[in-house]
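# What the coordinates show
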Amino acid sequence: MKADIAGGARSPLDVLRVAYEAPEGVEGRLRVPEFLTSIPAIGATKSARIMQDLEIATSKRLGGLGRLQRRRLREFVAEWIASHGGTGDRLVVLAGPTAVGKGTVAGYIRRHHPDVRLSVSATTRAPRPGEVEGEHYFFVDDAEFDRMVDAGELLEWATVHNAYRYGTPRRAVERAIAAGDSVLLEIDIQGARSVRRAMPEATLVFLLPPTWDELVRRLVGRGTESPAEQQRRLETAKVELAAVDEFDHQVVNHDVGEAAQKVVDLMRPRKGRR
Ligand SMILES: Nc1ncnc2c1ncn2[C@@H]1O[C@H](COP(=O)(O)OP(=O)(O)OP(=O)(O)O)[C@@H](O)[C@H]1O
Ligand SMILES: Nc1nc2c(ncn2[C@@H]2O[C@H](COP(=O)(O)O)[C@@H](O)[C@H]2O)c(=O)[nH]1
């Protein structure tokens, strides 16, 4: 969870200034990783990478940094704020293994947080009963999907579960961000990696099951896959769970409402509406 240090009322640069002026004060005693992860869109993974780049040990406190380290950290933070323009917490990717509850959590957010825009993906799979064109997916055939890929209309796309292709329409995401809205992408792990490459400022959230057995129970209990397909997905899930450290934040899906709230908390409020 983000500490209310830099992401709250005070800017990260203010926190640094106070810490450097008063090394014995609250800010000065703050460890650098805690400070970095308090900045919206910087999670534990990004923080570790940044500290490595800045050559600062993880045990260091803000007040205990040497002169050069202070300057490097300050310059980094100033650049981060300038270059990310605050979009990182407005583009949030929710990914995780099969049946962990991504769709359920995203659906909860759709119903309870109308200020968050959910990206509507294109897919080559057929609609399931109750699914609405343009609301759950844009259902397209292979030729149309090929056209979208060739025309560069997709921010990312992937063949999911070795079956159908799914992709995120680029324009809707870019427009929403430009309009100051928060956008949530509920996509698979390959897609999350592609978004990271295309938009490194995006915030990546990994949804975890409470336990492996619970994941199996959810997949089997959902009853939408054959036993053979369930087995195949569980093999993939083992590999996917190992990707958790690539993500900025991890949210355990014990309870749908609580997990949804944690995801929404990572997103910047839409102008004046939350
Ligand atoms: N917190 C929860 N507690 C109990 N059951 C849950 C919870 N979240 C989701 N489920 C159930 O787990 C099953 C899988 O959820 P869901 O279909 O949302 O997963 P998913 O991650 O979108 O899966 P996939 O990637 O395979 O499409 C569903 O039956 C859903 O009702
Ligand atoms: N890489 C992408 N993955 C996506 C996208 N939209 C959905 N998905 C993922 O596909 C699976 C299966 O979804 P389902 O609705 O057929 O059950 C699930 O893991 C989604 O997260 C996308 O645009 N890109």
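Keep in mind that this is a model prediction, so the values were computed, not measured.

To continue, consider the UniProt feature "binding site: ATP" (unreviewed entry) in the protein. The UniProt record marks G96, P97, T98, A99, V100, G101, K102 and G103 with the feature "binding site: ATP" (unreviewed entry), using the residue numbering of this structure. One can find T98 in the loop between β1 (91-95) and α5 (102-112). If we skip the residues at most four places from it in the chain, T98 touches H161, L215, L219, R222, R233, A237 and E240. Turning to its location among the elements, A99 is positioned in the loop between β1 and α5. Setting aside anything within four residues of it in sequence, one finds A99 in contact with L215, R218, L219 and R222.

Turning to the site of ligand 2, a few remarks are in order. Looking at ligand 2, there are 15 residues lining it, with S121, R125, Y137, E156 and Y166 nearest. One of the side-chain nitrogen or oxygen atoms of E156 is found 2.7 Å away from a nitrogen atom of ligand 2. In isolation ligand 2 offers 520 Å² of accessible surface; the protein chains occlude 91% of this area. Listed by contribution, the elements that provide at least two residues to the shell around ligand 2 are β5 (154-160) and β6 (164-169). Grouping the amino acids of the shell around ligand 2 by side-chain chemistry returns five nonpolar, four polar and six charged.

Our focus in this paragraph is the site of ligand 1. Taken together, the neighbourhood of ligand 1 is formed by 15 residues, with T98, K102, G103, T104 and R222 sitting nearest. Contacts to ligand 1 include K102, whose side-chain N or O atom sits 2.7 Å from an oxygen atom. Residue R222 places a side-chain N or O atom 2.8 Å away from an oxygen atom belonging to ligand 1. For ligand 1, the accessible surface in isolation is 640 Å², of which the surrounding protein chains cover 72%. At three residues, the largest contribution of residues to the shell around ligand 1 is made by α5. Residue composition of the shell around ligand 1, grouped by class: four nonpolar, six polar and five charged.

A separate point is the sheet that holds strand β3 (residues 121-123). Whether parallel or antiparallel, the strands of a sheet pair through hydrogen bonds between backbone atoms. Taken together, four strands build an open sheet; the order of strands is β4-β3-β6-β5 and the sheet is mixed. Strand pairing shows two members of the sheet lacking a second neighbour, β4 (137-139) and β5, which therefore form its edges. Going from strand to strand, the sheet's axes swing by 25° on average, the running direction of each strand aside. In terms of strand pairing, β5 meets β6 through six bridges, oriented antiparallel. Following the sheet pairing, E156 is matched in β6 by T168.

In this section: the environment of V140. Along the chain, V140 falls in the loop between β4 and α6 (142-150). Look at V140 and you get buried, because its relative accessible area is 16%. Along the backbone, V140 and Y20 are 120 residues apart, and their C-alpha atoms lie at a distance of 56 Å.

L94, V105, I109, L184, V205, L207 and V263 are the most contacted members of the largest nonpolar core, which has 23 residues in total. Contributing elements (two or more residues each) for this core: β1, α5, β2 (116-118), β8 (203-208), α9 (212-222), α10 (227-241) and α11 (256-265). Take this core: its biggest share by element is four residues, from α11.

Time to look at the pattern of salt bridges. Evaluated as defined, the whole model comprises 20 salt bridges. With a shortest N-O distance of 3.0 Å, R117 and D181 are connected by a salt bridge. In this pair, R117 is assigned in strand β2 and D181 in the loop between α7 (170-178) and β7 (182-186), connecting sequence segments 64 residues apart. In this structure, E225 engages R222 in a salt bridge whose closest nitrogen and oxygen atoms are separated by 3.1 Å. Take E225: its relative accessible area is 11%, and that puts it in the buried class. Each of R222, E225, E229, R232 and R233 takes part in one network of salt bridges that share partners.

Turning our attention to the environment of P97. Note that P97 resides in the loop between β1 and α5. Note on P97: relative accessible area 0%, which makes it buried. Discounting residues that sit within four places of it in the chain, P97 has contacts with K102, I189, F206, L207, L215, A237, E240 and L241.

A few words now on the sheet that holds strand β9 (residues 249-252). The strand order across the open sheet built from five strands is β2-β7-β1-β8-β9, with neighbouring strands paired in parallel fashion. The open sheet is flanked by β2 and β9, the only strands paired with a single partner. On average, each strand axis in the sheet is tilted by 30° relative to the strand beside it, whichever way the strands run. Relative to β8, β1 is paired through four bridges, and the arrangement is parallel. By the bridge assignment for β8, V92 is matched with T203.

What counts, and where the lines are drawn
Every chain is numbered independently, its residues counted from 1 as its sequence is written. All chains are assigned letters beginning at A, and all ligands numbers beginning at 1, according to the order in which they are written. Confidence filtering applies because this is a predicted model: local features only for residues at pLDDT of at least 70, side-chain atom pairs given and counted only at 80 or more, and all residues used for totals across whole chains, interfaces and linings. Hydrogens and waters are ignored; side-chain quantities use all the structure's heavy atoms. UniProt positions are given in the numbering used here, feature names are shortened, and annotations may be inferred rather than shown by experiment. For the purposes of this entry, the term helix denotes a DSSP run of H or I that reaches at least four residues, the term strand denotes a run of E that reaches at least two, and both are numbered from the N terminus. Residue contacts are defined here by distance: any two heavy atoms, one from each residue, within 4.5 Å place the two residues in contact. For this purpose, a residue is taken to be near a molecule or strand whenever a single non-hydrogen atom of the residue falls within 4 Å of it. Any pair of N or O atoms that falls within 3.5 Å is considered a polar contact. Within protein, one atom must be able to donate a hydrogen and the other to accept it, and sequence-neighbouring residues count only if both atoms are side-chain atoms. We get accessible surface area from the Shrake-Rupley algorithm with a probe of 1.4 Å; when it comes to residues, only the shown protein chains can shield them. Residue type decides the class: Asp, Glu, Lys and Arg count as charged, Ala, Val, Leu, Ile, Met, Phe, Trp, Tyr, Cys and Pro as nonpolar, and the leftover types, Gly among them, as polar. Two strands form a pair only when DSSP identifies at least two bridges running between them. For every element, the axis is a line fit to its C-alpha atoms; helices are fit only across the contacting stretch, and the angle between N-to-C directions ranges from 0 to 180 degrees. Exposure classes here rest on a 1.4 Å probe applied to the protein chains alone. A residue is buried below 20% of its type maximum, exposed above 50%, and partly exposed in between. Remark: nonpolar core denotes a set of buried residues (Ala, Val, Leu, Ile, Met, Phe, Trp, Tyr, Cys) joined through side-chain atoms within 4.5 Å. When a carboxyl oxygen of Asp or Glu is within 4 Å of a side-chain nitrogen of Lys or Arg, the pair counts as a salt bridge.

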